[in-house]
Amino acid sequence: MTEPNDINSPIPNSEESDRPTEDVKTESKTDSWQNRIGGIWHDTNNRLMKLFPVGKAAQTMMQWFTVDEAQVAEILAKVRAQLPTTEAILIGKPQTGKSSIVRGLTGVSPEIIGQGFRPHTQHTQRYAYPSDDLPLLIFTDTVGLGDVKQEIPVIIDELLGELEQESNRARILILTVKINDFATDTLRQIAQQLRQEYPNIPCLLAVTCLHEVYPNPTDDHPEYPPEYEELNRPFAAIQEDFGELYNSSVLLDFTLEEDGYNPVFYGLEAFRDSLAELLPEAEARTIHQLLDEQASKQLGNIYRDVGRRYILSFTIMAATAAAVPLPFATMPVLTALQVSMVGLLGNLYGQTISPSQAGGVVSAIGGGFVAQAVGRELIKIVPGFGSAIAASWAATYTWALGESACVYFGDLMGGKKPDPEKIQGVMQEAFESAKERFKGLKN
């Protein structure tokens, strides 16, 4: 059994960080840091116990801050059932921008999206964001369209079978068509069958790859919406071609940064607003929140960039859970969300950790904020605005915890021992800067 460690054990003493990197790499790095966090979760609780009267009430309070792996799984299952999850069913030929739509809505890099899609049926694959356990967005992508004509009935049957399954998720069909592609009989056939069977599922027609018909010379996107005749004419023809098979249409040109077009996600705001008009309120609000904070900004560091998109997703979930107006009722839920977030960030940085190990990292990084967590829960007794403050605090704390975890795992990935003073400084700085960002967050 691992002996209890100091609260900063996973983040070694700053004096030790002066050791040469070569020495650190010679150790069994994974065993070293993972073994040492084994006792952190319980050690933190022992320290917290000293802050409160000893007795049954204090014992109960400490349990709110401790969630074992079985409890984490149970809580996440309940949270998952209540999430405002949107399933977007992407239907279109290859190279029509389906993966780019996933990038635009999630901010995740093409490499990670490519790895994230998993086979679902013979002709569909799926990607859940930010994670399979807690998805805010689920993308179902059709594959093989336009290849073999006789496969179309099979694809239709698979999609109909998918839609027949009962689900509390909001669903939307997204038809992707290139601006210069008029061979759309197959896509129309699929859309017609799905709309006939499920007329209540909204359908968005996304016309993509606009730059392929820009007049020469055109070096960049025009102001949105574009007013080129070379673009408006085929757009109108495509709209007429699909007739009443869609509820709304939008022009998009989501490119890669190296393509040289600015912005990279041209038409993203119009796309977001079109989705908001077609989706239920809760799901529309979630997508607005996911895209609200500098959605197209390139941060230059793939890990930190993707990490922040994941952190934002969990921040939204935490704020939603914390708004429940029952003091302490949401503490286990918030803990489970944060443990899940840290585990996902660890995987992003190449560190596979269990929920209990992720809990040790949460305790080590955010232990100093536990007293504030107690105060935040107690303020819910204030009529009228207590829950709003709790939601903002939960969002702020979750964001700061995620930022600190990125630094922690980034150091480990680089073969360095994380510096406790540096990471606690990141936690405090991120917490202060996030206060204004998430002030008055609505849920």
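These figures come from a predicted structure and were not determined experimentally.

(A) Quick peek at the packing of aromatic side chains. Taken as a whole, this structure holds ten aromatic pairs when the rule is applied. Ring geometry for Phe254 and Phe265: centres 5.3 Å apart, planes at 85°, overall edge-to-face. Note that Phe254 is positioned in strand β8 (residues 253–254) and Phe265 in strand β9 (residues 265–266), a separation of eleven residues in sequence. The exposure classification of Phe254 matches that of Phe265, with both residues buried.

(B) Structural context of the packing of helix α8 (residues 152–164) against helix α9 (residues 185–197). Between α8 and α9, the shortest axis-to-axis distance is 10 Å and the interhelical angle comes to 30°. One finds that α8 runs roughly parallel with respect to α9. Both α8 and α9 take part in a crossing whose hand is right-handed. Residues Ile152, Ile155, Ile156, Leu159, Leu160 and Leu163 of α8 form the contact with α9, whose own contacting residues are Thr186, Gln189, Ile190, Gln193, Leu194 and Glu197.

(C) Expanded view of unusual backbone geometry. Geometrically, the link from Tyr129 to Pro130 is a cis peptide bond, its omega value of 0° lying close to zero. Along the chain, Pro130 falls in strand β3 (residues 124–130). For the bond running from Asn262 to Pro263, omega is 0°, close enough to zero to count as cis. Among the secondary structure elements, Pro263 is positioned in the loop between β8 and β9. One non-glycine residue, Gln95, adopts positive backbone phi at about 65°. Topologically, Gln95 is positioned in the loop between β1 (86–92) and α6 (98–106). The phi torsion at Cys209 lies on the positive side, around 60°, for a residue other than glycine. Structurally, Cys209 is set in the loop between β6 (203–208) and α10 (229–242).

(D) Quick peek at the side chain of Thr396. Here Thr396 shows up in helix α17 (residues 386–413). When its relative accessible area of 4% is taken as the criterion, Thr396 is described as buried. Reaching out from Thr396, the side chain makes a polar contact with the backbone oxygen of Ser392 at a distance of 2.8 Å. Ignoring anything within four residues of it in the chain, the contact list for Thr396 reads Phe431, Ala434, Lys435 and Phe438.

Rules behind the numbers
Residues numbered from 1 in each chain as written. Predicted model: local features only at pLDDT ≥ 70, side-chain atom pairs only at ≥ 80, totals over all residues. Heavy atoms only, no water. Phe/Tyr/Trp six-rings, centres within 6.5 Å; stacked < 30°, edge-to-face > 60°. Helix = DSSP H or I, 4+ residues; strand = E, 2+ residues; numbered from the N terminus. Buried < 20%, exposed > 50% of the residue type's maximum accessible area, 1.4 Å probe, protein only. Axes fitted to C-alpha atoms, helices over the stretch in contact; angles between N-to-C directions. Parallel < 35°, antiparallel > 145°, perpendicular 65-115°, else oblique. Left-handed = near helix turned anticlockwise from the far one by under 90°. Contact = heavy atoms within 4.5 Å. Polar contact = N/O pair within 3.5 Å; in protein donor to acceptor, adjacent residues only side chain to side chain.

By themselves, these are just geometric observations and shouldn't be taken as functional.
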